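Residue-level listing of the chains:
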Amino acid sequence: MIHRQTDVNNQDGIVTLDLTPLPSRRSMPAEIAALLREEILDGVLAPDDRLRQEHLAQRFGTSQAPIREALRRLEAEGLAVSVANRGVRVSGLSAAEAEEIGALRLALEPGLAERAAGRAALVDVAAARAAIGAMERASTPAALMTANAAFHDALYAAADRPITLELVAGLRARYERYLRLMWRMTGHAALSNDEHGELLDLALAGDGAEVRRVMARHIEGSTAEILKALGAGGWKG
């Protein structure tokens, strides 16, 4: 059994905490990676914080072997990086990466939305409306992210483009830290959700050209807000 963090004091790259039991439902490396991933996404573990194997092993009450595997998973996801002579650290956030991911989203997602509008009868309207409602009620960046992903998935599924959907899902995983940062620092989530409603209405009306334009505006707006948040140093605390 490993443990969930209940009290964090992140100082000089070292995390101290109280421990409470967490039932184990997955392999230990997967569970450790999931907990660390959430802390990185929420900014509890900041860019360049060192992920010391010995400290993490003590924290989770395990040997260093599952810690190494958990850290390898985080590295594969782009959330951690191994630096020569500096150990494994939380990967940085950069305007260049945010802009690149935004450009890739623009290349993929407006086309998916347009194709979905051409297949409006296949759009899961109930799931899309439920996601819009969940986003209105969300009180944390994690809940916002879940609802946001659910809306886009419900809309894009009608496009029936599985390879493109796989690429979009991979980009979302890389983009999540940036979206959570933006939502912590701005009121942009409300505007994003208003645009979700507009996108759904356009898709159901079969207006492919307009849904493509609004989706591009939606992505460009989020990217611009992310760049503002990065410029304000929001990832520093």
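Residues numbered from 1 in each chain as written. Predicted model: local features only at pLDDT ≥ 70, side-chain atom pairs only at ≥ 80, totals over all residues. Heavy atoms only, no water.

**Here's the deal with helix H3 (residues 64-76)**
Part 1: Given a rise of 1.5 Å per residue, 13 residues ought to cover 18 Å, and the 18 Å separating the end C-alpha atoms of H3 matches this to within 8%.
Part 2: Within H3, the full set of buried residues consists of Pro 66, Ile 67, Ala 70, Leu 71 and Leu 74. With its buried residues spanning 140 degrees around the axis, H3 presents them on a single face.
Part 3: Residues of H3 that are buried sit in contact with helix H1 (28-41), helix H2 (53-60), strand S5 (80-83) and strand S6 (87-90).
Part 4: Gly 78 sits one or two residues past H3 and shows a positive phi near 80 degrees. (Helix = DSSP H or I, 4+ residues; strand = E, 2+ residues; numbered from the N terminus. Expected span 1.5 Å × (residues − 1). Buried < 20%, exposed > 50% of the residue type's maximum accessible area, 1.4 Å probe, protein only. Arc of directions from axis to C-beta. Contact = heavy atoms within 4.5 Å.)

**Concerning the packing of helix H6 (residues 141-156) against helix H8 (residues 188-204)**
The axes of two packed helices give the description: the angle between them and the distance between them.
Part 1: Remark: H6 packs on H8, axes separated minimally by 11 Å, with the N-to-C direction vectors making an angle of 15 degrees. For the element pair H6 / H8, the angle class is roughly parallel. Along this stretch, H6 crosses H8, giving a crossing that reads as left-handed. Only Ala 189, His 196, Leu 199, Leu 200 and Ala 203 of H8 make contact with H6, whose side of the interface consists of Leu 144, Asn 148, Phe 151, His 152 and Leu 155.
Part 2: When grouped by side-chain class, the residues that make up the contact of H6 with H8 number 7 nonpolar, 3 polar and no charged. (Axes fitted to C-alpha atoms, helices over the stretch in contact; angles between N-to-C directions. Parallel < 35°, antiparallel > 145°, perpendicular 65-115°, else oblique. Left-handed = near helix turned anticlockwise from the far one by under 90°. Nonpolar A, V, L, I, M, F, W, Y, C, P; charged D, E, K, R; others polar.)

**A word on the environment of Ala 224**
Part 1: Position of Ala 224 relative to the elements: it lies in helix H9 (residues 208-231).
Part 2: Ala 224 sits in the partly exposed class, given a relative accessible area of 35%.

**A word on the nonpolar core**
Part 1: Judged by nonpolar contacts, the single largest core of 23 residues is most densely connected at Phe 151, Leu 155, Tyr 156, Val 211 and Met 215.
Part 2: Secondary structure elements with two or more residues in this core: helix H4 (95-117), helix H5 (125-137), H6, H8 and H9.
Part 3: Not counting residues within four places of it along the chain, the set of residues in contact with Tyr 156 comprises Glu 109, Leu 112, Ala 113, Leu 165, Val 168 and Met 215.
Part 4: Listed in part, the 19 residues of the second largest apolar core include Leu 51, Phe 60, Leu 74 and Ala 80. (Core = buried A, V, L, I, M, F, W, Y, C linked by side-chain atoms within 4.5 Å.)

**Brief notes about the environment of Arg 174**
Part 1: Here Arg 174 lies in helix H7 (residues 162-185).
Part 2: The spatial distance from the C-alpha of Arg 174 to the C-alpha of Ile 101 is 8.0 Å, given a sequence separation of 73 residues.
Part 3: Apart from the residues lying within four places of it in its own chain, the contact partners of Arg 174 are Glu 77, Gly 78, Glu 97 and Ile 101.
Part 4: Side chain to side chain, Arg 174 and Glu 97 meet in a polar contact 2.5 Å long. (Polar contact = N/O pair within 3.5 Å; in protein donor to acceptor, adjacent residues only side chain to side chain.)

**Concerning the confidence of the model for the protein**
Part 1: Mean pLDDT for the protein: 87, with 87% of residues reaching 70 or above.
Part 2: Within the model, the stretch residues 4-9 combines pLDDT values under 50 with 23 contacts to residues more than four positions away or in other chains.
Part 3: Contacts of residues 11-23 to residues separated by more than four positions or lying in other chains number 38 contacts, the stretch itself having pLDDT below 50. (pLDDT = per-residue confidence, 0-100.)

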